[in-house]
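The lines below spell out each chain.
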Amino acid sequence: MSKMSIVVPCYNEEAALPVYYEEMCRIMEKMSEVEFEIIFVDDGSSDRTLGILKDMNEKDGRCRYLSFSRNFGKEAALYAGLKGAQGDYVATMDVDMQDPPGLLPEMYRILMEESYDSVATRRSDREGEPKIRSFLSESFYKVINRISKTEIVSGARDYRLMRRKMVDAVLEMSEYNRFSKGIFEWVGFRTKWLEFRNVGRCAGETKWSVRKLFSYSIEGITGFSVAPLSLASVIGVAFCMLSFVMIFVIIVRTLLWGDPVSGWPSLVCIIFMVSGIQLFCTGIVGEYLSKTYLETKRRPIFILKDSSERDEGDGYERK
Ligand code: UDP
Ligand code: MG
C-alpha cells in the first residue's frame, strides 16, 4: 500500500478548513488503495485555525499539523510541510478549494501508470479575477520567461503531486528566498501538466494584495535570473555610443558655425534622465544585494511553535 502526504498551507482559514476536510474525506474514501496523511501548516494564523487543526488531529489521526511562531509566508509553509511529509507521493494544495481536490485520483493514476515524476496543474483561464491583476500576472510571466532559463508556466498553481525523489530534490534547495514555481521547474524531472478552469475561493479572502504579488514577482525574477544585473552595462554602452555620436556632431557644428551658448534646458533634461537611469540600475544591484544579504545570514526558513508531531529526531525545533 503506498502512502500519500498532502501538504496544506493555512493562514487564517477557519472558514475554509471544514469545507476542505469534508471534501478530502470523500476523496480519501474513494482512493482506498492509498494510505493518507494530511499535513496542515498553520502559518501564524490569528483566527481559530490552530484550534480547528488540533480538533481535527484528535478526531482523525490522518490529519497532522505544524504551527509557526508567526506568519512566515506560503513558501515557508510549503517547505515545512514537505519536510515533514513521509509519503512516497507528496501533494501540495491550497485549502480554499481553488485547487480542486477532485483532481487527486487522476493525478495519482497518471503517476502510477505513466512514467512521470510529477503531475502539476495550471488554470486555463483567469475568470473572476480583476482585469488589472490578470494583466500584471501575464506581463510578469512574459518578462520572467524571457530573461530566465528556468521556464515558469503561466497560470501554474502550486498544486502538484510528486514522487519522493522529486520531493527530496526540492528539499535540497534550502534557500531562504523561496519561489516554489521556479524551484519545482529547476529541479527537473518529468512533469505532466493538467489544466482546469479557475474556481473561486470557497470561503474567506485571498491573502494576496497587488503589492504582495509585486514583491513576489521580484522574488521570482531575482531568484531565477541575473539578467537585470547586466541591464546597467547594456544601457551604459548604448549611452556611450550615443555620446560619441553627439560629440562628433557638436565638434563639426562648432567648426562650421561657431559656438553659440544655447541648449541648457535640453542639457538639464539629459542630466535628469541619465541620473534616473543610474539610480534605477543601482536599485537593481541593491535588490540582488539584499537577497544575498538575507541568504548569507542563514536564518531558519520557519520556526515551529506547536505541532502534532512527537519528537522523531527529524530535526524539528519544538516548543
Ligand atoms: N497562505 C499561507 N500564508 C500566507 C498566505 C497564504 O499559508 O502568508 C496560504 C493560504 O491559507 C492558502 C494558500 O496559501 O491555503 C493560497 O492563498 P490565497 O488563497 O490567499 O492565494 P490565492 O489563491 O488568492 O493566490
Ligand atoms: Mg486561493
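Note that the coordinates shown come from a computational prediction; the quantities given were computed from them, not determined experimentally.

## Some thoughts on the site of ligand 1
Turning to step 1, where the next piece is worked out: Residues in contact with ligand 1 amount to 17 residues; listed here are only the nearest, E13, D43, D96, Q98 and T206.
Turning to step 2, where the next piece is worked out: Separating a nitrogen atom of ligand 1 from a side-chain N or O atom of D43 is a distance of 2.6 Å.
Turning to step 3, where the next piece is worked out: Within the side chain of Q98, an N or O atom sits 2.6 Å from an oxygen atom of ligand 1.
Turning to step 4, where the next piece is worked out: Across the complex, the protein chains shield 93% of the 530 Å² of accessible surface that ligand 1 would expose by itself.
Turning to step 5, where the next piece is worked out: Of the residues contributing to the shell around ligand 1, the split by class is 5 nonpolar, 4 polar and 8 charged.

## Some words on the pairing of strand β2 (residues 34-42)
Turning to step 1, where the next piece is worked out: Among the 9 residues of β2, 8 are classified as buried, and the element is accordingly described as predominantly covered.
Turning to step 2, where the next piece is worked out: By the bridge criterion, 9 bridges tie strand β1 (residues 2-10) to β2 in an arrangement that is parallel. Each residue of the ladder has a partner; that of V7, found in β2, is I39.

## Some thoughts on the packing of helix α3 (residues 74-84) against helix α6 (residues 164-172)
Turning to step 1, where the next piece is worked out: For the pair α3 and α6, interaxial distance at closest approach is 10 Å and the crossing angle is 130°. Regarding the angle of α3 to α6, the classification is oblique. Remark: the crossing between α3 and α6 carries left-handed chirality. Residues Y79, L82 and K83 of α3 lie in contact with α6, whose contacting residues are V167, V170 and L171.
Turning to step 2, where the next piece is worked out: Considered class by class, the residues forming the contact of α3 with α6 number 5 nonpolar, no polar and 1 charged.

## Considering unusual backbone geometry
Turning to step 1, where the next piece is worked out: Here N12, not a glycine, exhibits a phi torsion of approximately 50°, which is positive.
Turning to step 2, where the next piece is worked out: Here N12 is to be found in the loop between β1 and α1 (16-30).
Turning to step 3, where the next piece is worked out: In this structure N12 comes out as partly exposed when scored by relative accessible area, which is 25%.
Turning to step 4, where the next piece is worked out: Non-glycine residue F189 carries a positive phi angle of around 70°.

Definitions and limits used
Residues numbered from 1 in each chain as written. Chains lettered and ligands numbered in written order. Predicted model: local features only at pLDDT ≥ 70, side-chain atom pairs only at ≥ 80, totals over all residues. Heavy atoms only, no water. Near = heavy atom within 4 Å. Polar contact = N/O pair within 3.5 Å; in protein donor to acceptor, adjacent residues only side chain to side chain. Areas by Shrake-Rupley, 256 points an atom, 1.4 Å probe, with all protein chains shown as cover. Nonpolar A, V, L, I, M, F, W, Y, C, P; charged D, E, K, R; others polar. Buried < 20%, exposed > 50% of the residue type's maximum accessible area, 1.4 Å probe, protein only. Helix = DSSP H or I, 4+ residues; strand = E, 2+ residues; numbered from the N terminus. Pairing = 2+ DSSP bridges. Axes fitted to C-alpha atoms, helices over the stretch in contact; angles between N-to-C directions. Parallel < 35°, antiparallel > 145°, perpendicular 65-115°, else oblique. Left-handed = near helix turned anticlockwise from the far one by under 90°. Contact = heavy atoms within 4.5 Å.

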